[in-house]
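Here are the chains, one letter per residue:
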Amino acid sequence: MAPMGDLVRRARQVLLGLGWHHPFFLPAAARVRIVEDPDAPTAYARADGLIALGPGYCRTLDGAQLAGVLAHELCHLLLAHAARRGGRDRETWNHAADMTINEGLRRAGITLPDGALYPPADLRGQSAERIYDALARDATVARDAQRQADGSPGRGCAARAAPDAGRGAVDG
């Protein structure tokens, strides 16, 4: 992970602009450490306050989209998603947390890249825990249906994400 390249400088400038329009993010933005991680496919936040940017992905984003990714990662930190996960499945928890964050950012008028995950209508405004429970329940129903259909053990999580926006390009 490289600590200070052009992408990191650009991210810092974008964060400052984000804070100008959304002051809520300024205190966290002042404390967060941003690095490039060439192995990251998108971006992620660590519980210790580090945000890592995948240069291959983040360099394709315009300023508004990069601000959205940074706001998204800051929200993972501010909402203590790593600590709140507990024993929950990591991928399903991350989808639930992403949906909660992205819905809030959308309501705040913050642009996210194409592919960001949003909750289905019946789960909008819900906590990550409640969305997780719904996703986990749906995954169990999907696995059971798969088993009944062909006797297989079933595969993966049947996430009920609306296709109009993706994973928030974030992990964490």
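In every chain, residue numbers begin from 1 and rise along the written sequence. Side-chain atom pairs in this predicted model are given and counted only at pLDDT of 80 or more, local residue features only at pLDDT of at least 70, and totals for whole chains, interfaces and linings cover all residues. Where side-chain values are given, they derive from all heavy atoms of the structure, hydrogens and water being excluded.

Draft legend 1. Local environment of the environment of Pro-120. Secondary structure counts use DSSP, requiring at least four H or I residues in a row for a helix and at least two E residues in a row for a strand, with both numbered from the N terminus. Note that Pro-120 resides in the loop between β4 (117-118) and α7 (128-150). Pro-120 sits 21 residues away from Met-99 along the chain, and the two C-alpha atoms are 8.9 Å apart.

Draft legend 2. Highlighting a nonpolar patch on the surface. Distance thresholds for patches are 9 Å for like charges and 5 Å for nonpolar side chains (Val, Leu, Ile, Met, Phe, Trp, Tyr), applied to residues having over 30% relative accessible area and no salt bridge. For the accessible areas, the method is Shrake-Rupley and the probe is 1.4 Å, while residue cover comes only from the protein chains on display. What counts as a salt bridge is simple: a side-chain nitrogen of Lys or Arg found within 4 Å of a carboxyl oxygen of Asp or Glu. A cluster of nonpolar side chains, Phe-24, Leu-78 and Leu-79, forms an exposed patch at the surface whose accessible area comes to about 290 Å². Among the structural elements, Phe-24 can be located in the loop between α1 (6-21) and α2 (26-31).

Draft legend 3. Up close: α1. Multiply 1.5 Å by the residue count of a helix minus one, and that product is the helix's expected span. Spanning 16 residues, α1 covers 23 Å between terminal C-alpha atoms, matching the ideal 22 Å at 1.5 Å per step. Relative accessibility thresholds used throughout: buried, under 20% of the residue-type maximum; exposed, over 50%; partly exposed, between the two (1.4 Å probe, protein chains only). Restricting attention to buried positions, one finds in α1 the residues Leu-7, Val-8, Ala-11, Val-14, Leu-15, Leu-18 and Gly-19. Buried positions in α1, seen along its axis, are confined to an arc of 140° and lie on one side of it. Among the exposed residues of α1, those oriented more than 90 degrees off its buried face are Asp-6, Gln-13, Leu-16 and Trp-20. Residues are treated as being in contact if the distance between any of their heavy atoms lies within 4.5 Å. Buried residues along α1 sit against α2, β1 (33-36), β3 (50-53), α3 (55-58) and α4 (63-78). This arc is built from the directions going out from the helix axis to the C-beta atoms.

Draft legend 4. Quick look at the pattern of salt bridges. One pass over the full model with this rule turns up five salt bridges. Glu-129 is the partner of Arg-84 in a salt bridge, and the nearest nitrogen-oxygen pair spans 2.6 Å. Taken as a pair, Arg-84 in helix α5 (residues 81-84) and Glu-129 in helix α7 lie far apart in primary sequence, 45 residues in all. In this structure, Glu-103 engages Arg-106 in a salt bridge whose closest nitrogen and oxygen atoms are separated by 2.6 Å. Taken together, the positions of Glu-103 and Arg-106, both in helix α6 (residues 90-107) and three residues apart, correspond to about one turn of that helix.

Draft legend 5. Quick peek at the packing of α4 against α6. Axis geometry follows a simple rule: fit a line to the C-alpha atoms, using only the stretch in contact for helices, then measure angles between N-to-C directions, giving values from 0 to 180 degrees. Across the interface, α4 lies against α6 with an axial gap of 10 Å and an inter-helix angle of 120°. When the axis of α4 is compared with that of α6, the two are oblique. For the pair α4 and α6, the sense of crossing is right-handed. Counting all contacts with α4, which are made through Gly-68, Ala-71, His-72, Cys-75 and His-76, the residues of α6 involved are Asn-94, Ala-97, Asp-98, Ile-101, Asn-102 and Leu-105. Note that the term roughly parallel is reserved for angles under 35 degrees, roughly antiparallel for angles over 145, roughly perpendicular for angles of 65 to 115, and oblique for everything else. Helix crossings get a hand from a simple test, with the near helix turned counterclockwise from the far one by less than a right angle marking a left-handed crossing and a clockwise turn marking a right-handed one.

Draft legend 6. Representation of the packing of aromatic side chains within the structure. Ring geometry is summarised as follows: Phe, Tyr and Trp rings, the Trp one being its six-membered ring, pair when their centres sit within 6.5 Å, and such pairs are stacked at plane angles under 30 degrees, edge-to-face over 60 and tilted between the two. Across all of its chains, the model carries two aromatic pairs by this definition. For the ring pair Phe-24 and Phe-25, a centre distance of 5.2 Å and an interplane angle of 75° mean the geometry is edge-to-face. Since its relative accessible area comes to 5%, Phe-25 is described here as buried. For the pair Trp-93 and Tyr-132, a centre-to-centre distance of 6.2 Å together with 55° between the ring planes defines the contact as tilted.

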